[in-house]
Amino acid sequence: MSKIIKCITGGRVIDPSCNLDKNADILIEGDKITALEEKITPPESAEIIDASGYAVVPGLIDMHVHLRDPGQEYKEDINSGTRAAAAGGFTAVAAMANTDPVCDNPSNVRYVIEQAAKAHSRVYPIGALSKGLEGKEMAEIGRMKKAGAVAFSDDGCPIMDSQLMYHILQYASGIDALVIVHEEEKYLSRGGMMHEGAVSSLLGLRGIPAASEEAMIARDLLLLKTTGGRMHIAHLSTAGSVEQVRRAKAEGLQVTAEVTPHHLLLTDRAVKNSGYNTNTKVNPPLRSEHDRQSLWEGLFDGTIDAIASDHAPHHPDDKDLEYDFAPFGIAGLETTLPLLLDELISGRNKKFNMPLLIEKLSTAPARILGVPGGTLQIGSPADLTLIDLQKDFIVKPDHWQSKSRNTPFSGRQLKGAALYTIVDGIVTMKEGVLSDR
Amino acid sequence: MQTLRRKDFLGLEEMSAEEINLILETSRSMHEIIKRKIKKVPTLRGRSVLNLFYEPSTRTKASFELAQKYMSADSVSVAGSSSSLVKGETLKDTVRNVEAMGVECVIMRHPVSGAAHYLARNIESSVINAGDGMHEHPTQGLLDLYTVWEKKGRLEELKVAIVGDIRHSRVARSNIWGLKKMGAEVVVAGPPTLMPPDLDIFGIKAFHTIEDAVINADVVMALRLQKERQESGLFPSLREYAELYGLNRERLKLASDDVLIMHPGPINRGVEMTSDLADGPGSIILEQVTSGVAVRMALLYLLLGGTKE
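S.K.: For this particular structure, what's the right way to read the overall build of chain A?
M.R.: Helices and strands together make up the secondary structure of chain A, namely 14 helices and 19 strands. Viewed in the frame of its principal axes, chain A has a C-alpha envelope of about 65 × 45 × 45 Å. Looking at chain A as a whole, 59% of its 437 residues are labelled buried.

Now the structure itself:
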């Protein structure tokens, strides 16, 4: 069977992996990129995708999502979650281990990989660090890595036992396994519902101090300094966290970090302004304006490597409760790109630009996870996203591919969205319409 | 006839001084009714109200129920178990069911801050917040304002010291908003573990000693200290609290000569304040309770807008 040939013509091609930002054509043969030139004359059999006026970028990779599969398929499953990914312009996602059963052994890793074979985006499994996410015994990190897990994390259940964490970092360094940490000192954040500060005082909601994140980052950076190895810090939320990561990088530690769109765009004020809307309840919590500004600074100066959604889907019934009773989490796969494009197009952040955005949403996640993609270089997998910077986009959770509806951005009018998502040379989303891979 | 042009009464933060004034003025007429031998007016005849208490309450519940009876409203009281916690019926479903029986006003006490806002968004009936978590207890705030206003003839430029567990107190928050809006100066004091952070946002001064707060105060309000706070490690013992932060005659010497002593109840005698203060000449603690009925009658009247005939 001859390979299907596609030619994406006339687009603004942005590839942060080789500092490329120019108008060019891209040739795809089968599942590979085979040419990238200013002008390509495609064979007659080629399908032409006219990208003039659009940005053509390496497929977006969301390195932090919860797909709830297996175990909580009423919230999301691998099918609906990857449909959401494709709709949002993502060609790959990394799925956290807090499923039921927990992804803490090779067969559960293989389950995710097998389910993902027919899904709308690539799915990279993240294995648990500790068995059952209990923070007591190390999980089989090496066997899971062999089975295809790209990283390891007890996301949401930080390991409070410092000795175990020490040993995990030591062990992981020996097999070059990436450890992803959700930084929260659980005793300090106990009972907390939102960021501790003026707004929590006003609302009478129990606070989660910035120090609960910062104390844990301090511990893990100290451990990493001793053990060596690679550590990635999920969803930074405070100014103090950014500062610690900045210093650790300057010292030469192999540490990377991510931030979510909601922490970049919202503050604890949103809890008050929404009248205790449970869609503002998220962990780590929405922080102060000072913290928010520091996150942008960290993003611009390279302290923060990546942007990830921390897509945490919940069934609408789960969130339709009193604030204390609702679960934490914001679903972000279908809003991440439009929110960030809108921020970029609005010009509110002068240093924000398309190459930087694509670096944070594609090239950096690929590099950190050690997975293919994040580049348009010849021979790379044909994973691409086409972006329309002119598109008017309204956040309408009722129209989502995800089973969830939990977003604090509902009704927002935005500018910019993904137009095409292409995985392995196959169009998985075209102008909002999904097709099978 | 003036009414409150709002569906719900959720907190004093969102009330204007004019609205608070209207409630205080109306409470005065209601207070007259309570003083009568026959304490019943037909004003809310044919109107139905639900009292939904997810937390134990003696005085607030009795006060609302009596206010409803004095106004001739029909009411039903339900003691909710926090059903959401045990995966039973949700709050929304519970109230929608009672609403389907014809209730048009829901008075709710709930352990979660913001629960009244959540409910108000989800039902057509009026919601009166009878205390939501650590957020607000606006009818308590109103009755405290009313009691002081009756005693002093004004609220503006009075210095009010609120002392004790500010952090967990919905009474403190409602009083701070109400008093500030009516032109009073508010200061608070308590151990740092019982103070919420960044109190500047309320536009008040905070102290860590009772003495600093009560200097020249016209009103001193002590808050209830819950035993659970000791168990969660916020202070070492009730006796240490009493010694360091309890109100007593000696400390009150710093306040103005005709200082009023208040407490939202129930009192831990000898902890938040000594018995001689609670029962002494400056104490208006029982008057607060009487005011409570009057203020709640006024609120029901203003919110339900009298009879719709």
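Let us keep going from here.
S.K.: Looking at this model, I keep getting lost on the overall build of chain B. Mind explaining?
M.R.: Along chain B, the regular secondary structure elements total 12 helices and nine strands. Its C-alpha atoms put chain B at 55 × 45 × 35 Å along the principal axes. Out of the 309 residues in chain B, the part that is buried amounts to 48%.

S.K.: Can you help me understand the pairing of strand β7 (residues 90-95) of chain A in this one?
M.R.: Side-chain direction in a regular strand flips from residue to residue, so the side chains alternate between the two faces of the sheet. All names here are of chain A. Of all the six residues making up β7, six are buried; the element is thus mostly covered by neighbouring parts of the structure. With helix α1 (residues 78-87) bridging strand β6 (residues 60-65) and its parallel neighbour β7, the resulting β-α-β unit is right-handed. The pairing of β7 with strand β8 (residues 122-127) spans four bridges and is parallel. Note that in β8 the partner of A92 across the bridge is R122.

S.K.: Help me understand helix α1 (residues 17-35) of chain B in this model?
M.R.: Owing to its 3.6 residues per turn, the α-helix aligns residues three or four sequence positions apart on the same side. Residues and elements named next belong to chain B. Across its 19 residues, α1 extends 27 Å between first and last C-alpha, which sits within 8% of the 27 Å expected from 1.5 Å per residue. Of all the positions in α1, only I20, I23, L24, T26, S27 and M30 are classed as buried. In this structure, the buried side of α1 is in contact with α5 (138-152), α6 (170-181) and α12 (285-304).

S.K.: Where do I start with α5(B) in this structure?
M.R.: Residue and element names in this part refer to chain B. The first and last C-alpha atoms of α5 sit 21 Å apart over 15 residues, in line with the 21 Å expected at 1.5 Å per residue. Here α5 lies mainly inside the structure; 12 of its 15 residues are buried. Three or more residues of α5 are buried, namely P138, T139, Q140, G141, L142, L143, D144, L145, Y146, T147, V148 and W149. Buried residues along α5 sit in contact with α1, β4 (126-132), α6, β8 (219-222), β9 (260-262) and α12.

S.K.: Whenever I open this one, the interface of chain A and chain B confuses me. Can you help?
M.R.: By a frequent convention, interface size equals the accessible area lost on bringing the separate parts together. The partner chain B presents 23 residues to the 16 residues of chain A that form the contact. Looking at the side of chain A that touches chain B residue by residue, the classes come out as eight nonpolar, four polar and four charged.

S.K.: Explain the domain arrangement of chain B to me, please; I cannot follow it from the model alone.
M.R.: Residue and element names in this part refer to chain B. Per the domain assignment, the segments making up chain B are domain 1 (17-136 + 289-304) and domain 2 (138-284). Taken over C-alpha atoms, the centre of domain 1 sits 25 Å from the centre of domain 2. Listed by partner, the interface residues are 20 residues for domain 1 and 17 residues for domain 2. Breaking the side of domain 1 that touches domain 2 down by element, the ones donating at least two residues are α1, β4 and α12. When residues of the side of domain 1 that touches domain 2 are assigned to their parent elements, the largest contribution, six residues, is made by α12. Residues that form the side of domain 1 that touches domain 2 fall into these classes: nine nonpolar, seven polar and four charged.

S.K.: Got a minute to help me understand unusual backbone geometry in this structure?
M.R.: Residues and elements named next belong to chain A. Residue P101 is reached from D100 by a cis peptide bond, and omega for that bond is 5°. Looking at where P101 falls in the secondary structure, it is placed in the loop between β7 and α2 (106-116). Although it is not a glycine, N19 sits at a positive phi angle of roughly 50°. On the secondary structure map, N19 appears in the loop between β1 (5-15) and β2 (20-29). A positive phi angle, near 65°, is found at R68, a position not held by glycine. Within the fold, R68 resides in the loop between β6 and α1.

S.K.: Just to check I follow, could you spell out the pairing of β8(A) for this structure?
M.R.: All names here are of chain A. Counting buried residues along β8, six of its six residues qualify, which places the element largely inside the surrounding structure. Across two bridges, β8 lies against strand β9 (residues 151-153) in parallel orientation. Counterpart to I126 in the pairing with β9 is A151. Taken together, β8, helix α3 (residues 141-147) and β9 constitute a β-α-β crossover, and its handedness is right-handed.

S.K.: Could you clarify how one ought to interpret the packing of α1(B) against α5(B) in this entry?
M.R.: A pair of packed helices is characterised by two quantities: the angle between their axes and the separation of those axes. Residue and element names in this part refer to chain B. At a minimum axis separation of 10 Å, α1 and α5 run at an interaxial angle of 65°. In terms of crossing hand, the pair formed by α1 and α5 is right-handed. Where α1 approaches α5, its residues I20, I23, L24 and S27 are matched on the opposing element by L142, L145, Y146 and W149. Partitioned by chemical class, the residues of the contact of α1 with α5 number seven nonpolar, one polar and no charged.

S.K.: Hey, could you run me through the nonpolar core in this one?
M.R.: Note that soluble globular proteins tend to have their nonpolar side chains buried in a common cluster. Core analysis: the biggest nonpolar cluster contains 222 residues, and A:F152, A:V179, B:V163 and B:V220 have the highest contact counts within it. Setting aside chain neighbours within four positions, we find B:V220 in contact with B:A161, B:V163, B:V214, B:L247, B:L252, B:A255, B:V259 and B:I261.

S.K.: Sorry if this is basic, but what is going on with the sheet that holds strand β14 (residues 255-259) of chain A here?
M.R.: Whenever strands of a sheet pair, they do so through backbone hydrogen bonds, lying parallel or antiparallel. Pairing is parallel across the open sheet formed by eight strands, whose spatial order is β6-β7-β8-β9-β10-β13-β14-β15 (chain A). Of all strands in the sheet, those with a lone pairing partner are β6 and β15 (306-307) of chain A, marking the two edges.

S.K.: Sorry, what's going on with the confidence of the model for chain B here?
M.R.: Predicted coordinates in regions of low pLDDT should not be interpreted in detail. Looking at chain B, pLDDT values average 93 and 96% of them are 70 or higher. Interface confidence for the predicted complex, given as ipTM, is 0.92, next to a pTM of 0.94.

S.K.: Would you explain the sheet that holds β4(B) in this entry?
M.R.: Residues and elements named next belong to chain B. The strand order across the open sheet built from four strands is β2-β1-β3-β4, with neighbouring strands paired in parallel fashion. Unpaired on one side and paired on the other, β2 (74-79) and β4 mark the two borders of the sheet. With strand direction ignored, the average angle separating the axes of adjacent strands in the sheet is 15°.

S.K.: Which parts of the structure should I look at to understand the packing of α5(B) against α6(B)?
M.R.: All names here are of chain B. Contact geometry of α5 with α6 gives a least axis separation of 8 Å together with a crossing angle of 50°. Put simply, α5 runs oblique to α6. Regarding α5 and α6, the two cross each other, and that crossing is right-handed. Of the residues in α6, those in contact with P138, Q140, G141, L142, D144 and L145 of α5 are V171, S174, N175, W177, G178 and L179. Considered class by class, the residues forming the contact of α5 with α6 number six nonpolar, five polar and one charged.

S.K.: Before we go on, may I ask you to explain the domain arrangement of chain A in this structure?
M.R.: Residues and elements named next belong to chain A. Examined at the domain level, chain A breaks down into domain 1 (5-56 + 381-434) and domain 2 (60-369). A C-alpha centroid distance of 25 Å is found between domain 1 and domain 2. Taken together, the contact pairs 32 residues of domain 1 with 45 residues of domain 2. Contributing elements (two or more residues each) for the side of domain 1 that touches domain 2: β16 (384-394), β17 (413-423) and β18 (426-430). Looking at the side of domain 1 that touches domain 2 element by element, the count peaks at seven residues for β17. A per-class count over the side of domain 1 that touches domain 2 returns 16 nonpolar, 11 polar and five charged.

S.K.: How do you make sense of the environment of A:Y420 when you look at a structure like this?
M.R.: Residue and element names in this part refer to chain A. Relative to the assigned elements, Y420 resides in strand β17. Since 22 C-beta atoms lie within 10 Å of it, Y420 is described here as buried. For the pair Y420 and L164, spaced 256 residues apart in sequence, the C-alpha separation works out to 44 Å. When sequence neighbours within four positions are dropped, the list of residues in contact with Y420 reads I49, T385, L386, V427, M429 and K430.

S.K.: Explanation requested: the environment of A:A306 in the structure shown.
M.R.: Within the element layout of this structure, A:A306 appears in strand β15. Expressed as a C-alpha distance, the spacing of A:A306 and A:Q170, which sit 136 residues apart in the sequence, is 25 Å.

The rules behind the values
- Residues numbered from 1 in each chain as written.
- Chains lettered and ligands numbered in written order.
- Predicted model: local features only at pLDDT ≥ 70, side-chain atom pairs only at ≥ 80, totals over all residues.
- Helix = DSSP H or I, 4+ residues; strand = E, 2+ residues; numbered from the N terminus.
- Buried ≥ 20, exposed ≤ 12 C-beta atoms within 10 Å, placed from the backbone.
- Right-handed = clockwise from strand over helix to strand, strands pointing away.
- Pairing = 2+ DSSP bridges.
- Expected span 1.5 Å × (residues − 1).
- Contact = placed C-beta atoms within 7 Å.
- Nonpolar A, V, L, I, M, F, W, Y, C, P; charged D, E, K, R; others polar.
- Domains from an automatic or database assignment.
- Axes fitted to C-alpha atoms, helices over the stretch in contact; angles between N-to-C directions.
- Left-handed = near helix turned anticlockwise from the far one by under 90°.
- Core = buried A, V, L, I, M, F, W, Y, C linked by C-beta atoms within 7 Å.
- pLDDT = per-residue confidence, 0-100.
- Parallel < 35°, antiparallel > 145°, perpendicular 65-115°, else oblique.

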